[in-house]
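So you can see what is in the structure, the chains are spelled out below.
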Amino acid sequence: MIPATNDFSLFLWVGPRVYGRGQIHLVSNNDLQPGRSNLGLSQDLKSAGRLFWWTHGGASVVGRTRIDDGAWHHVGVTRAGKVFTLWVDGREDGRREADVTVAPSRWRIGAAVSAHKHAFRGFADDLRVYLRALPAGEVAALHAGYGKPGELPEPPPPPPADFTRVTQGLACSVVAYQPPASGWYIGSPSLAILPDGAYVASHDLFGGRSPKRTTYIYRSEDRGATWSAVSAVTNQTWSNLFVHRANLYVMGPESERGRVCIRRSTDGGRTWSEPAGPDSGMLSEAGGFHTAPVPVVSQNGRLWRAFEQRVRTESAAEPWASWFAVVVMSAPEDADLLKADSWRFSEPLESGSGWLQGGFSGWLEGNMVAAPGGRLVNLLRVHVRDGLPEVAAVVEVRPDPPAATFSATNFVRFPGGAKKFTIRYDAPTRRYWTLSNPALPPHTDANPSSVRQALALMSSADLREWTMHRLVLRHPDRRDHGFQYVDFLIEGEDLVFVSRTAYDDGAFGANSYHDANFLTFHRIAGFRRAAEERVKEGGL
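Residues numbered from 1 in each chain as written. Predicted model: local features only at pLDDT ≥ 70, side-chain atom pairs only at ≥ 80, totals over all residues. Heavy atoms only, no water.

> Just checking my understanding: could you explain a nonpolar patch on the surface for this structure?
A cluster of nonpolar side chains, Met1, Ile109, Leu127, Val129 and Leu131, forms an exposed patch at the surface whose accessible area comes to about 470 Å². Here Leu131 lies in the loop between strand S10 (121–130) and helix H1 (136–146). (Patch = residues over 30% accessible without salt bridge, like charges linked within 9 Å, V, L, I, M, F, W, Y side chains within 5 Å. Areas by Shrake-Rupley, 256 points an atom, 1.4 Å probe, with all protein chains shown as cover. Salt bridge = Lys/Arg side-chain N within 4 Å of Asp/Glu carboxyl O. Helix = DSSP H or I, 4+ residues; strand = E, 2+ residues; numbered from the N terminus.)

> Looking at this structure, I do not really get the sheet that holds strand S18 (residues 260–265). What am I missing?
Pairing between the strands of a sheet comes from backbone hydrogen bonds, and it takes one of two forms, parallel or antiparallel. Judged by pairing direction, the sheet is antiparallel, and its 3 strands sit side by side in the order S16-S17-S18 without closing on themselves. Two strands close off the open sheet at either side, each with one partner strand: strand S16 (240–244) and S18. Within the sheet, the average angular offset between the axes of one strand and its neighbour, ignoring direction, is 25°. Looking at chain direction, S16 and strand S17 (residues 247–253) are connected through 5 bridges and run antiparallel. Within S17, the residue paired with Leu241 across the bridge is Val250. (Pairing = 2+ DSSP bridges. Axes fitted to C-alpha atoms, helices over the stretch in contact; angles between N-to-C directions.)

> How do you make sense of the pairing of strand S21 (residues 302–310) when you look at a structure like this?
Burial of S21 is extensive: 8 of the 9 residues sit out of reach of the surface. Sheet topology places strand S19 (residues 289–290) next to S21; 2 bridges connect them, and they run antiparallel. If you follow His290 over to S21, its bridge partner there is Glu308. With antiparallel pairing between neighbouring strands as the criterion, strand S20 (residues 297–299) and S21 make up a hairpin whose turn holds 2 residues, including Asn300 at a positive phi of roughly 55°. (Buried < 20%, exposed > 50% of the residue type's maximum accessible area, 1.4 Å probe, protein only.)

> Whenever I open this one, the pattern of salt bridges confuses me. Can you help?
Pairing is possible between side chains that carry opposite charge, provided their charged atoms lie close to one another. Considering all chains together, one arrives at 23 salt bridges under this definition. A salt bridge links Arg424 to Asp487, with the nearest nitrogen and oxygen atoms 3.1 Å apart. Of this pair, Arg424 sits in strand S29 (residues 423–426) while Asp487 sits in strand S33 (residues 482–491), and the two are 63 residues apart along the sequence. Considered together, Arg424 and Asp487 belong to a single accessibility category, that of buried residues.

> What's the story with the packing of aromatic side chains in this structure? I'm lost.
The relation between two aromatic rings is expressed through the spacing of the ring centres and the mutual angle of the planes. Counted by the stated rule, this structure contains 28 aromatic pairs. Taking 5.2 Å as the distance between ring centres and 15° as the angle between the ring planes, the aromatic pair formed by Phe242 and Tyr249 counts as stacked. Under the relative-accessibility criterion, Phe242 is labelled buried at 9%. With a centroid separation of 4.9 Å and an interplanar angle of 55°, the aromatic rings of Trp355 and Phe406 are classed as tilted. Separated by 51 residues along the polypeptide, Trp355 in the loop between strand S23 (344–345) and strand S24 (360–370) and Phe406 in the loop between strand S27 (403–405) and strand S28 (411–413) bring together distant segments of the chain. For the pair Trp355 and Phe406, a shared accessibility class is recorded, and that class is buried. Members of the aromatic cluster, each reached through a chain of ring pairs, are Trp355, Phe360, Trp363, Phe406 and Phe411. (Phe/Tyr/Trp six-rings, centres within 6.5 Å; stacked < 30°, edge-to-face > 60°.)

> Would you take a moment to explain the nonpolar core for this structure?
Counting 25 residues, the largest nonpolar core has Leu26, Leu39, Leu51, Trp53, Val75 and Phe84 as its most contacted members. Residue assignment for this core shows that the elements contributing at least two residues are strand S1 (8–18), strand S2 (24–28), strand S3 (37–41), strand S4 (50–55), strand S5 (59–66), strand S6 (73–80) and strand S7 (83–88). Here this core gets 4 residues from one element, more than from any other, and that element is S1. Setting aside chain neighbours within four positions, we find Val75 in contact with Leu10, Phe11, Leu12, Val14, Leu26, Leu51, Ile67, Trp87 and Val88. In this structure, Leu435, Val486, Phe527 and Ala530 belong to the second largest nonpolar core, which totals 20 residues. (Core = buried A, V, L, I, M, F, W, Y, C linked by side-chain atoms within 4.5 Å. Contact = heavy atoms within 4.5 Å.)

Right, here's the structure in full:
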């Protein structure tokens, strides 16, 4: 339908009465192949509701006009040589030059080719394709000559969600659900167990128009069987829960790549302190911090937590994970954790572009761990090129003053190392445990950070040699299913965890493996028995 390198024009009328579910594809041949392309509606924070054209390999142009206003709009894209131009209601809306080849494959109207991914919720009419680039006058005449298709009808309501699909399919309970059509998705799961036995879970939201600076708090009084929302904490994101000296804390950036802040709750998460300044929870003057819900660890009378800080200018020419340096922070256990002067930060430790024979593209979301022999280390997620084995980076941490050092020999094989993971020590087994997302066959040649449809229970005695004991969760489809960003705790003989879960909901399903619609709670009863189990080669 669309030529690979020659000129073309693509136009249609759209009425996005229902707008959401992430990036929306109006016309698309996206099936994860080279040269995949789509005309759609953006839902990025800075460009929500605007038209865009994208071709894998370098062509990306975003318009200036919002068209998610419940009215009909005439939209399209033309290619003239190497220049891609967007059009809205007869007028040019953006352009960019790019030397790319559009994949010669089948196209789909209203969604990506791959299942229902990026589906458009609204109305469309009068799709036209020309094998030439229409000039501005013809575009204006096309818009004026057809006229608007009429009033937009009311869309039918979406089918109700059916939680039994996830609760029975995964043997779990649902902490929170976010309808994918909202364009908001669940992120940053965290879990704490209070001294009175109550469970507390948290998450934030992401997506183009979501309240990204808010963390939502839930409680369970029946060991995770049912959950109730108890509070919403604004100006707190990518944060972890932890209990210290009978109080509950939440810690992370105030906003995406913002300053580090911490809050305290003395009533089990119902109300929280406010970080108004350095004496009440605002722990850093500078911003640029990145993290996820990772552990706070106690070692020799001090608490430790890992962060990353942006030290390089954001550039589309460099992998985004390469912008960040490793930072660790520490405070005395008996200090007031809300006071900035209780905490000490290490100097940022930058990564090296030549690591892993050039296959390294960044590190993120480190775990502070009390290692064998009294050492402190920070184990980080590592982004690698497609098809390379997954690894983690073991950064050595000097306690006084805090400092981080790394040698390129300290990458260790770690199935699932390209995704966020949590590591915790279990004294009865004398092993370190984690839940990770290994890239198993037939997905070993894919981008490892995008393979999240399997969750494995793993352990290690020394943080260097890891054994995959059991596949806890697995789904055959990796495009729209994921069990990711898991946070867990050991409670007696059991391991309990919360997951950012993309799964069937009886309605439209998750937008993608990444755009989770559930926060789910799970229990692995008698998890230590898994120490004798092994997952065979190939994940069988």
